[in-house]
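Chain by chain, the residues run as shown.
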Amino acid sequence: MSDLDLLTQSLGRNVKRWRTERGFTLDALAARAGVSRGMLIQIEQARTNPSLGTVVKIGDALGVSITTLLDYEQGPKVRIVPAEQVVRLWHTEAGSYSKLLAGTEAPGPLEMWNWRLMPGEGSRSDPHPVGTVEIAHVTAGELTLTVEGAEYRIPAGASVTFEANAAHEYANRGEVPTELVLTVSVPAVQH
């Protein structure tokens with residue numbers, strides 16, 4: 001079985017598990033996440049590989065991290081993620097990517113990412129739930145962060161925090177690759 005098959009099956013099993021635990025019907029989760037009921041059925045039955053955006057929306061709607069949705073098993077309290085198990089969820093032919101390094105529930109989803117943005121590339125994100133906070137530390141190049149239409153430039157060595165319940169974009173408007181470590185904290189779902 002390929003890594004992609006394992007991820008697809010884990011995603012299906014975990015979406016169903018967390019949907020049931022939260023007491024959501026397929027229709028309720030579809031409405032909360034802004035995805036179709038049919039897409040959720042396909043995901044739960046491990047018959048599709050949804051986009052990163054769709055997985056993020058479902059995780060946000062369930063109040064769990066992407067790591068939790070993709071987790072193969074529930075392990076002990078200490079979890080080491082070997083380098084070869086880091087999940088690359090988004091990439092472009094030019095070499096941009098995002099890698100989910102680690103995640104946990106604390107008490108809501110908490111994720112740590114490694115991003116590379118090649119010159120001229122960017123990645124947009126829909127608003128996350130109210131209370132979501134993102135922290136980025138730029139390790140190379142310069143990050144252009146756009147939040148609600150306002151642009152902020154963050155050079156290498158600097159960090160930025162912001163409330164991520166508004167549309168936002170990470171972009172590289174420079175001449176060299178931009179690299180950053182990103183942490184996302186989503187509040188726990190209130191029933």
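Residues numbered from 1 in each chain as written. Predicted model: local features only at pLDDT ≥ 70, side-chain atom pairs only at ≥ 80, totals over all residues. Heavy atoms only, no water.

So, the confidence of the model for the chain
With 91% of its residues at a pLDDT of 70 or more, the chain has an overall mean of 87. When pLDDT is averaged over each helix and strand of the chain, the minimum, 79, is found for strand 2 (residues 97-105) and the maximum, 96, for strand 9 (residues 168-171). (pLDDT = per-residue confidence, 0-100. Helix = DSSP H or I, 4+ residues; strand = E, 2+ residues; numbered from the N terminus.)

A short note on the pairing of strand 3 (residues 109-117)
Every regular strand shows the same layout, with side chains that alternate between the two sheet faces. The two faces of strand 3 differ: P109, E111, W113, W115 and L117 on one face are buried, but L110, M112, N114 and R116 on the other face are not. Looking at chain direction, strand 3 and strand 10 (residues 178-185) are connected through eight bridges and run antiparallel. Along strand 10, the bridge assignment pairs N114 with V181. (Buried < 20%, exposed > 50% of the residue type's maximum accessible area, 1.4 Å probe, protein only. Pairing = 2+ DSSP bridges.)

Concerning the nonpolar core
Grouped together as the largest cluster of nonpolar side chains are 43 residues, with contacts concentrated most on I58 and L69. It is helix 4 (residues 52-62) that contributes the most residues to this core, five residues altogether. Beyond its immediate stretch of four places on either side in the chain, L69 contacts S10, L11, N14, V15, W18, V55, I58, G59, L62 and V64. (Core = buried A, V, L, I, M, F, W, Y, C linked by side-chain atoms within 4.5 Å. Contact = heavy atoms within 4.5 Å.)

Regarding the packing of helix 2 (residues 26-33) against helix 4
As a packed pair, helix 2 and helix 4 sit with axes 8 Å apart at the nearest point and diverge in direction by 110°. When the axis of helix 2 is compared with that of helix 4, the two are roughly perpendicular. Seen along the crossing, helix 2 lies across helix 4 with a hand that is right-handed. Where helix 2 approaches helix 4, its residues L29, R32 and A33 are matched on the opposing element by K57, I58, A61 and L62. Considering only residue class, the contact of helix 2 with helix 4 consists of five nonpolar, no polar and two charged. (Axes fitted to C-alpha atoms, helices over the stretch in contact; angles between N-to-C directions. Parallel < 35°, antiparallel > 145°, perpendicular 65-115°, else oblique. Left-handed = near helix turned anticlockwise from the far one by under 90°. Nonpolar A, V, L, I, M, F, W, Y, C, P; charged D, E, K, R; others polar.)

A look at the packing of aromatic side chains
Here the structure, examined in full by the defined rule, presents four aromatic pairs. For the ring pair W90 and W115, a centre distance of 5.3 Å and an interplane angle of 40° mean the geometry is tilted. One end of the pair, W90, is in strand 1 (residues 87-91); the other, W115, is in strand 3, with 25 residues separating them in the sequence. The class of W90 is buried, set by a relative accessible area of 18%. Its relative accessible area of 8% is what places W115 among the buried residues. When the ring of W115 is compared with that of Y170, the centres are 5.8 Å apart and the planes differ by 45°; the resulting orientation is tilted. In this pair, W115 is assigned in strand 3 and Y170 in strand 9, connecting sequence segments 55 residues apart. Each of the two residues, W115 as well as Y170, counts as buried. Here the aromatic cluster, defined as three or more aromatic residues joined through ring pairs, consists of W90, W113, W115, F162 and Y170. Directly above the aromatic system of Y97 lies the positively charged group of K99, at a separation of 4.8 Å from the ring centroid. (Phe/Tyr/Trp six-rings, centres within 6.5 Å; stacked < 30°, edge-to-face > 60°. Lys NZ or Arg CZ within 6 Å of the ring centre and 35° of its normal.)

Observations concerning the sheet that holds strand 7 (residues 150-155)
On the basis of which strands lie adjacent, the open sheet formed by four strands has the order 4-9-6-7 and antiparallel pairing. Strands at the two margins of the open sheet, each flanked by one partner only, are strand 4 (122-125) and strand 7. Within this sheet the neighbouring strands show an average axis-to-axis angle of 15°, counted without direction. Taken together, the six bridges between strand 6 (residues 142-147) and strand 7 define a ladder with antiparallel strand orientation. Counted as the bridge partner of T144 is R153 from strand 7.

Topic: the pattern of salt bridges
Summed over all chains, the structure comprises nine salt bridges. A salt bridge links D126 to K57; its shortest N-O distance comes to 3.6 Å. Here D126 is found in the loop between strand 4 and strand 5 (133-140), whereas its partner K57 is found in helix 4, with 69 residues between them in sequence. When the shortest N-O distance is used, the salt bridge between R116 and E179 registers 2.7 Å. Residue R116 is found in strand 3, and its partner E179 is found in strand 10; the two are separated by 63 residues along the sequence. Given the relative accessible area of 27%, R116 is considered partly exposed. The class for E179 is partly exposed, based on a relative accessible area of 23%. What emerges from the salt-bridge pattern is a single network uniting R124, E142, E151, R153, E169 and R173. (Salt bridge = Lys/Arg side-chain N within 4 Å of Asp/Glu carboxyl O.)

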